[in-house]
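Structural description and commentary
Single-letter residue listing:
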Amino acid sequence: MSADPRPRVLVTIPLFAEVLARIGAHAEVDAPCGTGLAIDWTPEALAARARGAAGLVVAGTPRIDAALLAACPGLRAVCSMAVGYNNIDLPACTAAGVLVSNAPDVLTETTADFGFALMMAAARRISESEHFLRAGRWTHWSYDLFAGADVYGATLGVLGMGRIGQAIARRGALGFAMPVLYHNRSRLDAAVEQQLGAQWVGKDELLARADHLVIVVPYSAASHHLVGAAELALMKPTATLTNIARGGVVDDAALAAALRERRIAAAGLDVFEGEPAVHPDLLAVPNVVLTPHIASASLPTRRAMADLAATNLIAVLAGSGVPPTALNPEVLARRR
Ligand code: DGY
């Protein structure tokens, strides 16, 4: 039993020392990962460690659900340093009076940079050709050696036109003279469409017309396998697909088959169903660039994400107003 009378905060992820110290000025910090290696929390281990905590700091994992909330009746805040919060059962948290925050905005440009880089790497076959070179197989020049697809002037398709989708569209339209098509459940205002040079189309039309499709939709039951075999069949054989959204939005097995059979040209994937495991069929195809969920990983951006999570948490613990990126601020009003 701790003698510290302050609220306890469980930090479930490795975190910057300075951010741990910021939280430590307001709470007793339990940081089992310190600044080092992540823990693969089982639900039981997490519930045991979180019992008695007033706050949790998380990222895209672990899962925060009704069972965990029931085990932690004193919990007041779950603050994520990720923008995507599909690991958090928001309605259950709201019902339990637990404030939830995520970390939007601060990662938008960094994530868009990475999405664009991944799309270009897939189009221009950068990983595939580097492996070839490193394997000592480069012996001759040939006019079609790793010839890929053009990006400049090609049609960019954005599936999911939130903040990151719009930042990708801007890069395509302004930097690469790309006509931009997008599909989103709700259309952007006409003025924003005009500013981005982006045209809304139906999902099937987007798939059929895009030279380079970039997927940026949040994961939910509605977006599970939003792109599967039927959707891939609509794409051009010369097209690329880039997924920086969440694993599960794309059917990875169907995508691997489409890549293997060259029904689409290439893909760039930063997120996977069941990650950190990667579907073995994806590992076996050469025409896919694979990265370990690092789209937001520049140090300044990761620091800003962590700081935002800490700012939200401290606002709840100190009772000093509405946390800046609260997802359910109504729970605070209920507590007054
Ligand atoms: C996010 O913030 O949602 C990114 O995917 C990093 O986890």
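Computed from a predicted structure; not experimentally measured.

Attention shifts here to unusual backbone geometry. Look at the link from Thr61 to Pro62: it is a cis peptide, with omega at -5 degrees. In this structure, the amide linkage connecting Glu275 to the following residue, Pro276, adopts the cis form with an omega of 15 degrees. On the secondary structure map, Pro276 appears in the loop between strand E11 (266-269) and helix H12 (280-283). Not every positive phi belongs to a glycine, and Ala177 is a case in point at roughly 50 degrees. Here Ala177 lies in the loop between helix H7 (163-176) and strand E7 (180-183).

It is worth spelling out the pairing of strand E10 (residues 240-243) at this point. Two faces, one strand: in a regular strand the side chains alternate between the faces of the sheet. Both faces of E10 are covered, namely the face carrying Thr240 and Thr242 and the face carrying Leu241 and Asn243. Two elements, strand E9 (residues 212-215) and E10, share 4 bridges in a ladder whose sense is parallel. Counterpart to Val214 in the pairing with E10 is Thr242. Judged from the 4 bridges that link them, E10 and E11 form a sheet pairing that is parallel. Residue Thr240 lies in a different strand from E11, and its bridge partner there is Ala266.

Strand order in the open sheet formed by 5 strands is E2-E1-E3-E4-E5, with parallel pairing between adjacent strands. The open sheet has two edge strands with one neighbour each: strand E2 (28-30) and strand E5 (99-101). Geometrically, the sheet is characterised by an average inter-axis angle of 15 degrees between neighbouring strands, direction not taken into account. Pairing between strand E1 (residues 8-11) and E2: 3 bridges, direction parallel. Paired with Leu10 across the strands is Asp30, a residue of E2. Across the sheet, helix H2 (residues 43-50) touches E1, E2 and strand E3 (55-58), and the angle it forms with E1 is around 155 degrees. Helix H13 (residues 299-318) contacts E1, E3, strand E4 (77-80) and E5 of the sheet and is inclined by roughly 165 degrees relative to E4.

Take the domain arrangement of the protein chain next. Domain parsing of the protein chain yields domain 1 (8-104 + 299-335) and domain 2 (108-290). Placing the centre of domain 1 and that of domain 2 at their C-alpha centroids yields a distance of 32 Å. Across the domain 1 to domain 2 interface the summed buried area is about 430 Å²; carbon plus sulfur atoms make up 49%. In terms of surface lost to domain 2, no three residues of domain 1 exceed Asn86, Pro104 and Thr301, which account for 75% of the buried area on that side. On inspection of domain 1 and its partner domain 2, the count reaches 0 salt bridges. On the surface where domain 1 and domain 2 come into contact, there are 3 residue pairs in polar contact (both at pLDDT 80 or more). Taken together, the residues that form the side of domain 1 that touches domain 2 break down as 2 nonpolar, 3 polar and no charged.

Reading guide: rules and limits
Residues numbered from 1 in each chain as written. Predicted model: local features only at pLDDT ≥ 70, side-chain atom pairs only at ≥ 80, totals over all residues. Heavy atoms only, no water. Helix = DSSP H or I, 4+ residues; strand = E, 2+ residues; numbered from the N terminus. Buried < 20%, exposed > 50% of the residue type's maximum accessible area, 1.4 Å probe, protein only. Pairing = 2+ DSSP bridges. Axes fitted to C-alpha atoms, helices over the stretch in contact; angles between N-to-C directions. Contact = heavy atoms within 4.5 Å. Domains from an automatic or database assignment. Buried area = accessible area lost by both parts, 1.4 Å probe. Salt bridge = Lys/Arg side-chain N within 4 Å of Asp/Glu carboxyl O. Polar contact = N/O pair within 3.5 Å; in protein donor to acceptor, adjacent residues only side chain to side chain. Nonpolar A, V, L, I, M, F, W, Y, C, P; charged D, E, K, R; others polar.

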